[in-house]
Structures are given as C-alpha cells and as structure tokens.
Amino acid sequence: MTENTQQQTAPTTELPTQYAPAEVEGPLYERWVERGYFEADAKSEKPPYTIVIPPPNVTGSLHLGHAFEHTLIDALTRRKRMQGYETLWQPGMDHAGIATQNVVERELAKEGKSRHDLGREAFVERVWQWKAESGGQISGQMKRLGDGVAWSRERFTMDEGLSQAVQTIFKKLYDDELIYRAERIINWCPRCLTAISDIEVEYQDDDGELVSIRYGSGDAEIVVATTRAETMLGDTAVAVHPDDERYRHLVGTEIELPLTGRRIPVVADEHVDPEFGTGAVKVTPAHDPNDFEIGQRHGLPNLAVMDERAVITAHGPFQGLDRLEARSAIVAALRAEGRIVAEKRPYTHSVGHCSRCKTTIEPRLSMQWWVKVGPLAQAAGDAVRDGKVKIHPQEMEKRYFDWVDNLHDWCISRQLWWGHRIPVWYGPNGEVVCVGPDEQPPAGEGWHQDTDVLDTWFSSGLWPFSTLGWPERTESLAKFYPNSVLVTGYDILFFWVARMMMFGLYAMDGTPPFHTIALHGMVRDQNGKKMSKSFGNVVNPLDWMDEYGSDAVRFTLANGANPGVDVPIGEDWVKASRNFANKIWNATRFALMNGATIEGPLPDASEMSATDRWILSRLNKTVAQVDALYEDYQFAKLSDALYHFAWDEVFDWYVELSKTTFFAGGEQAKVSGRVLGEVLDVMLRLLHPIVPFVTEALWTTLTGRESVVIADWPKDSGFRDEAAEKEIENLQQVVTEVRRFRADQGLQPGQKVPARLELGGTALAAHEAAIRQLLRLQPEGEDFSVTASLPVAGATVALDLSGTIDVEAERKRLTKDLAAAEKEKAQANGKLGNEAFLAKAPDNVVDKIRTRLAKADEDIARIQAQLANLPQA
C-alpha cells in the first residue's frame, strides 16, 4: 500500500474491552494541537491545499449545520494532509454586526440602559469586552468535533489586519467609482433600526387582509387592491398597462386619492400585469421597491409617510400611529366613505421578517451606500463560464448564473455602531473624502465621519485573502491563495459565495478565490423536515456527542452527504454509527489478540490462502473507489463503501473465515495475521478523515507509530485476484443460502445440525472447516439421513433435520400460512379483475392492492419452497 516513515515503537495488543469516546477524544485532540499537526507552513515546498472555514458568528454555538459542514471540510483536509499536501484549514469568526449588537443591547437593557446612554465609543468598547468574556464559545465546540484547523492563524473580521483589508478595498472601489451613495429602497427593520441584507430577511406566510379600494369617482374611477392600506398615504400615482383598453382613457389624467385631499396621475407602465386583479396598481415609490422603479421611470415624487420605527408621519388623523394601528384606522375611514369595494380576511401571503428579531420588514426609501455590482458580477459569472472555477454539483451552475447575471446593486451600509465604520468624512461645505488605511482623515471644525457601518457580508466577502494577510503580499498569501475548494451550503451560494467571487477577482488581479465550489444541502430531521425551534425538532449536536461520541455524529453526517442535497438525520442513525465505531474497536481488538501485525513485509501471494488474496484484492479496489469518490465530493457514497467494506467484508467475512486458521496456528496463521494487520492498517487510514478519534486510538496501537493524522494516505497497489474473489463469492452464496434456509425452518442461529458437504470438484473444498463453523454444521453420524438438500454455487449441502424440528407441527404451520397467502391473492385478484371497482377506486388504492398481490405471490413461492424442503414422513 504505502510505506510510512514515522518513528515506530513496539505495537501493543492491549486495548480496553470497550470503546469509551469521552475518555479518548479530548486527550487525543489536545495532543494533536500540541504537536502542531494542523498548522500550515508558508515556506514549505509541499503543494498547498487550502480551505477557509465559513466564519461562524461570534455569538453562535455549534449547531448541526456547522457540525455537518465542518465534518466534510475536516475529512477533505485530513486526507490531503495524509497525501503530502501543505494543508491549511483557515479558522476564524465573523463579528456578526446586528446579532452581536443585539446581544449586548439586551445585556444593557437588564441594567436599565440603552446604547445611547453609553455613547458610541463606550458601547463599542462594551461589545469588545463581551467578546473577550463570552464570545467565541463555538471554538471549543469545534475542538469537540475534532476540527483540524490551524488555530495559530485564527482570525476575526474585526481584528486589525482584516479591518485594514476592509478599508483598503472600500477605498479602491470608491476610487474606481464602484461605490456610491444614493437614496434607494432597502429592507428596513423598525426594531433593529437598520437596513438589512436580503439574506437577513426570512419570509413566512402570514395571515393579513386584502382590501380593494376605489380611487377617484364616476368615469375617473379605478379600483386597486393592497395588503398594506397604510401606505396609500404615500401614493403618488396609479399605474396600468399601456395596452389595457379599460384604462386607456384615464392615462395622463389625475384622480382623487381618498383621505388625503390630493390628486395623483394615472401612468402607463409595462411592469403592470393586466391579468392580475383589476389590472391597476397603487404606486408608493418611497415604500415599495417595484413602485420605486416605476416612480423613477415616470418622474414621480417619493413621499415617505413612516419614520424609522414604522410610525406614520403624514399629517392628518393618522399621524403618530404605528403602521398596524394605522392600517386598521385607514380601512375604517375608507369604509366610512364608501371606498371599500371588497375585503378578504384572513388573506395569507408571504411577508418578510428580520431574521434577528422577527419584526416585519418595512421597505423604506433611505440614503445608503451601494456597490455598483455590474462589472464585478460579470467577472464572477465569467470565471465559472470560462472554467476557472468549477461548481459541484454542476447542476447548481444554473442557479449561480441566474443570480450573478441579474444582480442589483448591493446596499452595504448599516445603521449600527458595531462593525467596520464607513471610512468617509464629510466637510462643512459639502466635501466628501474617502480615507484609505494609510491616510489621515481630514480634521478641523465641521468635519465628521459617516455614522454607518458596513454590511457584515462586505468583510466576509474578503475572507479567502484577507485572512492570509492581504493587502500585504505575504508569504501565506502567495502560498495559499487561491483556496483549493470552498465547502458551503447552497443556501448562501448567492450571498456569501457570489461576494467572495466578486471581491477576490477584483482585489487579486483576476485570480478567483478558489478552484472549486462544493455545495452541500441543509441538515433536516429524520422525516426531511426543516429544523426549527417552532417545530420542536432542533437538535444540539453536543448532546449527541456526549451520548454517542463525536465519531458517531461525524459518520452519520458524512453518510448522508450527497452533493447539493439536503441531509436528513435522526438519533437512531447516530446510534447505528456508534455501533459501527464499537464494531471497529471490538474487531480490531480481537484481531490484535489473535496475531494481526504489520511487522515485516507482506508475504508473497503464493503463500497466501484464497481468503487472504480475496481480502487484499477487495482492499485495493476499495482504496481506488474511495479515492475516486473523494475527488467527486461524494461523501455519502465513500462513507457507505467504507462501512460495508469494514463491517461486511473485513469483520463479518474475512475475520470469521480466518478464525479456523488463527486457532490452528502454524505458518498459515502467521501469513493471515500479517494480511489482517495490513488490512486493518489501510482500513483505519481510509476511515480516519471521517472518524478520526477511534481510528487514531486503534492505528497507533496496531502500528506503534506516532499518529495516523500524519500517516501516509493509502495507495492502490494494483493487486487484484479475480479468481479468489469469485471463489469467496461462491462461498458467501453457500453460507448465505444455508443461513436463509435455517431461518426459514425456525432453527436458532447457534443450533447445530448434522450435514454432508458435497464440495468435490470445486474450490470450496478448501473452505469446508470454515463453512461448517459459520453454519454450525456437525459432521454426519452413523444414523445420518438426508432430509433437505440445497444445491448452490456448484456445491450441495445435505442436511439432516430429524430431531431438530417438529416436522409435522412445522408442516401444519406452513400449510396454514400458505392458505392465508392464497386467500390474500384471490382477494387481490378479485378486486383487480373488477372493472367497476377499478373505474371508481383512486390510483393509490389500486397501487396498494397490486403491491398486496405481488407480496402474496412472493409469500406463496417462499412457503411452497419451505414445504418442499421439509423431511418426508
């Protein structure tokens, strides 16, 4: 396979009788970190392999989504480290502007204070204090999971170096006229009092009302429908489609806007769908993004009627009311005037909410800072189109192009105090100066800095290169940029990934931030349902780690990770993975106690049994299979391949088949012991990236070497033995068929049965002792009588069941079961043959009956075979 060059001590066969993850995992991880296994050297001549961690929020704790993503990244980096790459898994955290500010503001509220009581400078200092004392608990939880990150390189999006990177790229974009300030519609949270990004808006179906209102009167009358009646106070037009004959006579005229005493124009705009509703829409440019665009096309005024807390500011009887209070009051006033044409309650529609505080978002016209994304998005799209960057799975490319090819300019300013403050100063005479990191801001009377901070996604968009020292041309930047692969969820493809692509190409002279974007799905519960506190199905992965061990959680997550597809997970599956870890432990312990070793060279194939040659052939095929699946990011398939190789082929077959050899001793036992040692050595190294703890404990015990973390990754030696594989396949068929027959006859697994094995002329003759042991078959005695004969794989197994079962009782039971199956078949055929029934029955009912018929046919065939195999009276 491979020759490991680590220093070696004498291997030991001493392992505890049971695997105890809680006793093993913590000390092992501490040892890995102390020995510097996860650190990366920019001066190394090894080829680089780099992955950045999607930076978790400083306020966050490890959830299943983190555990899933980190398992996949850790598997990739551990394998590449073993393959000889200078591997960097870059750790760090995001300052999480809104989330962190909210946490600290809640703490202040307990003291009866607000941030305004402290002032900006003192509040920011308070946030830094909170971070030092309480932030970043996720780092310790990552260690629990086994994350092999380079801890000495940990970064924070607000640290000095990354802050310099943010200021540098802002200044560069500003000078290149790719950043500007303008009044536009944004997502506004009236609770957090800031603009928020699209990704921070959560949409849910809310029960509201749909009210149809009559504007104007007589021939100059139009009916519009709205779910937000309070915004009518800010209407500055009604829009219709230019080809809509119903309203052609009104285009260019003005109609009365109820309750306001104002008249507003009727405009023709192709944005309007004449088939929807009445074909006419109210236009409120200051409170709706689509209306804003219509207003821009027609030169309409922007009339804001709500303040930053969503309180009505328009003069009149509704001034000072909250938006929801105003909605009810305005509808009542319109009803009193006879303006309400129709009302629908409840009216369920999709409504945006702030992801932090769950407040309903208010589209609001506001002066903000923007990135002109056109040329940046073009470059980000072309990098994928030109093959510089691969998206995996490839079918996700369309979603990526749909996004980057239709990007709107990006609002990057936030009305917060915690974050990167916008580096722009305003002068007393209208001067605007953008300041770079090496420049002094203007001073003097009347100069002040912009009060807004940058969107968190602005700084995290620089993550692949700012963490490596940019804008300085550091050794780390030269060595580890671009990243090899980005592993992240498809849900932030549009937000984080697109921004990293735009900024990376822009800042790094056209070099994209990574070669491959490997997208995974979302973790869901075992029924495929989204995990949510409201559903009561959220799971804390730390609880599962405590109960079953980190390896069990990791293997469960990896085993469900098909590219770009959501991952269901349930506790029963974690238990099964815990059982797998226990199986690896117990089987390795048995092997070590029975002569498994890696001492000395592997014997020549001519010295090996067919069983030895079979397992080595299967081992090498598994190595090749796992390698190919890793390169295609097929974590579920490679985990499944490793599971079945380890459990089925190594433990259930090879170890069991070799027991007779080990118990007999002699030279063949030594040969098989060396083969088993080789198989375990390679298998544990293959499993290590997914289940690092149990494999470390076992591999170091088996080999006496320092650590599997720095062991060589196995290579396919090319050894194949198709004849041995066929021979063992035939043996497996014999054992499997006889076991099935025994179970059908109601025999207990340990119950011994006299048998004659007719194996002459087949390669199976050499395995008679193993077959008898596996099947609990005794030699035939003097009174042996064949009561059942099973021909399989060119051999025949003759059994004497007399005295082992009550033949007549078994015949009666089977005859009764056969009658029941035949009755079930007759009933199913009767219904399926009834044309009247088929004409009326739903498809799913008919399908169920067809399934019952097929099952009845199977049962009849099985029972008839069992009856035929019973001894004759």
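*Asks:* Which residues make up the sheet that holds strand β13 (residues 340-354), and what values go with them?
*Replies:* With antiparallel pairing, the three strands of this open sheet are ordered in space as β8-β7-β13. The sheet terminates laterally at β8 (220-226) and β13, the two strands that pair on one side only. The average undirected angle you get between the axes of adjacent strands in this sheet is 20°. With 12 bridges connecting them, strand β7 (residues 201-217) and β13 associate as antiparallel partners.

*Asks:* Describe the packing of aromatic side chains, naming the residues involved and giving the relevant values.
*Replies:* Two numbers describe a pair of aromatic rings. These are the distance of the centres and the angle of the planes. One pass over the structure, following the stated rule, counts 25 aromatic pairs. Considering the side-chain rings of Y29 and F38, the 5.9 Å spacing of their centres and the 40° angle between planes classify their relative orientation as tilted. F38 matches Y29 in its accessibility class, with the two residues each being buried. Their ring planes at 90° and their centres at 6.3 Å tell us that Y630 and F635 sit as a pair that is edge-to-face. An aromatic cluster of three or more residues is present, and its members are F170, Y174, W369, W410, F458 and F503. A cation over a ring is seen here: R78 above W32, with NZ or CZ 4.7 Å from the ring centre.

*Asks:* Describe in detail the sheet that holds strand β27 (residues 777-778), supporting the description with residues and values.
*Replies:* Taken in spatial order, the four strands line up as β27-β26-β29-β28 in an open sheet, and their pairing is mixed. Strands with a single pairing partner mark the edges of an open sheet, and in this sheet they are β27 and β28 (788-792). Two elements, strand β26 (residues 753-758) and strand β29 (residues 795-799), share four bridges in a ladder whose sense is antiparallel. Considered in β29, the bridge of L757 is made with V797. Lying over the sheet, helix α24 (residues 768-775) contacts β26 and β27, oriented at roughly 150° with respect to β26.

*Asks:* Describe the pairing of β26, and please don't skip the residues or the numbers.
*Replies:* Across two bridges, β26 lies against β27 in parallel orientation. By the bridge assignment, P754 is partnered in β27 with Q778. For the crossover from β26 across α24 to β27, the handedness is right-handed.

*Asks:* Got a sec to walk through empty space enclosed by the protein? Specific residues and values, please.
*Replies:* Enumeration according to the criterion identifies three cavities of 30 Å³ or more in this entry. Each pocket or cavity is described by its volume, and for the largest cavity that value is around 80 Å³. If you trace the largest cavity, you find it lined by F68, L72, H392, V487, A518, L519, H520, A561, N562, P563, Y633 and F635. Of all the secondary structure elements, the ones that give two or more residues to the lining of the largest cavity are α2 (64-82) and β23 (514-520). Ranked by the residues each element gives to the lining of the largest cavity, the list is headed by β23, at three residues.

Calculation notes
Residues numbered from 1 in each chain as written. Predicted model: local features only at pLDDT ≥ 70, side-chain atom pairs only at ≥ 80, totals over all residues. Heavy atoms only, no water. Pairing = 2+ DSSP bridges. Helix = DSSP H or I, 4+ residues; strand = E, 2+ residues; numbered from the N terminus. Axes fitted to C-alpha atoms, helices over the stretch in contact; angles between N-to-C directions. Phe/Tyr/Trp six-rings, centres within 6.5 Å; stacked < 30°, edge-to-face > 60°. Buried < 20%, exposed > 50% of the residue type's maximum accessible area, 1.4 Å probe, protein only. Lys NZ or Arg CZ within 6 Å of the ring centre and 35° of its normal. Contact = heavy atoms within 4.5 Å. Right-handed = clockwise from strand over helix to strand, strands pointing away. 1 Å grid on protein atoms, 1.4 Å probe; cavity = no way out; pocket = protein on both sides within 12 Å on 5 of 7 lines; lining within 4 Å. Points joined across faces, edges and corners; volume = space filled by probe spheres on them.

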